[in-house]
Each structure stands twice: as structure tokens, then as C-alpha cells.
Amino acid sequence: MENKTFYNRFRCAIIVPLKESWNSIDTLKSINAQRAIVGIDPHWDIKGRISNLLMLSSNFFGFDIPSTNSPLHQEIGPVIPETFPSLTPVLESFLADNPRTIYFALGTNVVLSPQNVITILNSFLKLIDQNVIDGVIWLL
């Protein structure tokens, strides 16, 4: 933005957000009208007041990256299904032949540097060479 003209900076910082807010008023009015039909108070009104807003999230407390939450935020997780799909024949055969397998998953919020990936892979290879583990399943 520092190399842009004053007009472009003003347009980007003021005009575009106001235009988007103005264009969303009709959508918000129709959503609030549908909420009123089923007897629910609007969660956002044109004047910007927030009433009964509840946010739910499913996570593993202690393992996910901490974040700032609203006072109305309620954690409900983890949400785990009652039944799981069967393993593929290839994966089932691999796990049967290699009982000491590591399942490695970091989640969706983790970004690893190439050096960290190399370090982790070298650690896995070292454990396999030392006959500590049989294999690794790395979930991306």
C-alpha cells in the first residue's frame, strides 16, 4: 500500500469496506426476517448490537493452538462419530504386518518449515533402523 496513490489507499481502506457493508444490508435483513418467522431474535441488527450469539467449536483442548475467544464461546469437542469406516485392504495389511506403527498427524493449523520436516523424517528413519518402530503413517 505504501507505493499506491492516496486515492487507491483511501478507496481500499474506506470506500470498499463501506460498499461491502452497504451491499450486505439486504442479505442481513432477509436472514433476520427468516429468523423472525421461526421465533428467533436477530443475532445482528443494522445498528450493530449483538444479542444472543453462541459460537461452538470442536477441538481437542490442550492440543490445538490457543486463540482468543468471545465470552459467549463454548467448546463442545471433540465430536467423534460412533462408527468409523473400514480400513482399505492395503492399509489393513500394512498394519497387520507392522504392529509397531506410528500414526503421525499435526492438525490443520500447523505449518512446518522444510528443515523441521527433514528432522522429523530423519527421526522416523532412525527409529525404524533401530528396530523401535515398524513404520509410520503420516496424515497430511
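What you see is a predicted model, and the numbers here were worked out from it, not measured in a lab.

> Looking at this structure, I do not really get the overall build of the protein chain. What am I missing?
Within the protein chain one finds three helices and four strands. When its helices and strands are written in sequence order, the protein chain yields α-β-β-α-β-α-β. When burial is assessed residue by residue, the protein chain has 8% of its 140 residues classed as buried. Sequence-distant contacts in the protein chain: of pairs separated by 6 or more residues, those separated by 24 or more amount to 31%.

> What am I meant to see in helix α3 (residues 114-129) here?
Under the 1.5 Å per step criterion, the end-to-end length of α3 is 22 Å for 16 residues, consistent within 8% with the ideal 22 Å. At the exit of α3 stands Asn131, carrying a positive phi of roughly 60 degrees.

> Honestly, helix α1 (residues 6-37) in this entry has me stumped. Any pointers?
Given 3.6 residues per helical turn, the α-helix brings residues three or four places apart onto the same face. For α1, which comprises 32 residues, the first-to-last C-alpha distance of 46 Å matches the rise-based estimate of 46 Å (1.5 Å per residue) to within 8%. The principal kink in α1, of about 40 degrees, is found at Cys12. Looking one or two residues beyond α1, the residue adopting positive phi is Gly39, at roughly 85 degrees.

> Teacher, can you tell me more about the packing of aromatic side chains here?
Any pair of aromatic rings gets described here by the distance separating the centres and the angle formed by the planes. Applying the stated criterion across every chain yields a total of four aromatic pairs. Here the aromatic rings of Phe6 and Phe10 are separated by 6.1 Å at their centres, their planes lie at 25 degrees, and the arrangement is stacked. In this pair, Phe6 and Phe10 are both assigned in helix α1, four residues apart and thus about one turn of the helix distant. Ring plane angle 80 degrees and centroid distance 5.2 Å describe the contact between Phe104 and Phe124, whose orientation is recorded as edge-to-face. Here the residue Phe104 occupies a position in strand β3 (residues 101-105), and Phe124 occupies one in helix α3, the gap between them amounting to 20 residues. Overall, Phe124 belongs to the buried group, its relative accessible area being 10%. Grouping aromatic residues by their ring pairs yields a cluster made of Phe104, Phe124 and Trp138.

> Explain a nonpolar patch on the surface to me, please; I cannot follow it from the model alone.
A cluster of nonpolar side chains, Phe6, Phe10, Ile14, Ile15 and Leu18, forms an exposed patch at the surface whose accessible area comes to about 490 Å². As for its position among the elements, Ile14 is in helix α1. The class for Ile14 is partly exposed, based on a relative accessible area of 36%.

> Looking at this structure, I do not really get the confidence of the model for the protein chain. What am I missing?
Parts of the model with low pLDDT should not have their predicted coordinates read in detail. Averaged over all residues, the pLDDT of the protein chain equals 79, while 71% of them reach at least 70. When mean pLDDT is compared element by element in the protein chain, α3 scores highest at 92, while strand β1 (residues 55-57) scores lowest at 57.

> Mind showing me how you'd approach unusual backbone geometry here?
Outside of glycine, negative phi angles account for most residues, and trans bonds account for most peptide bonds. A positive phi angle, close to 60 degrees, is found at Asn131, a residue other than glycine. Summarising the element assignment, Asn131 is placed in the loop between α3 and β4 (135-139).

> Could you clarify how one ought to interpret the environment of Val117 in this entry?
Here Val117 is to be found in helix α3. When neighbours within four sequence positions are excluded, Val117 is seen to be in contact with Leu112 and Trp138.

Basis of the calculations
- Residues numbered from 1 in each chain as written.
- Predicted model: local features only at pLDDT ≥ 70, side-chain atom pairs only at ≥ 80, totals over all residues.
- Heavy atoms only, no water.
- Helix = DSSP H or I, 4+ residues; strand = E, 2+ residues; numbered from the N terminus.
- Buried < 20%, exposed > 50% of the residue type's maximum accessible area, 1.4 Å probe, protein only.
- Contact = heavy atoms within 4.5 Å.
- Expected span 1.5 Å × (residues − 1).
- Bend = angle between axes of the 7 residues up to and from the residue.
- Phe/Tyr/Trp six-rings, centres within 6.5 Å; stacked < 30°, edge-to-face > 60°.
- Patch = residues over 30% accessible without salt bridge, like charges linked within 9 Å, V, L, I, M, F, W, Y side chains within 5 Å.
- Areas by Shrake-Rupley, 256 points an atom, 1.4 Å probe, with all protein chains shown as cover.
- Salt bridge = Lys/Arg side-chain N within 4 Å of Asp/Glu carboxyl O.
- pLDDT = per-residue confidence, 0-100.

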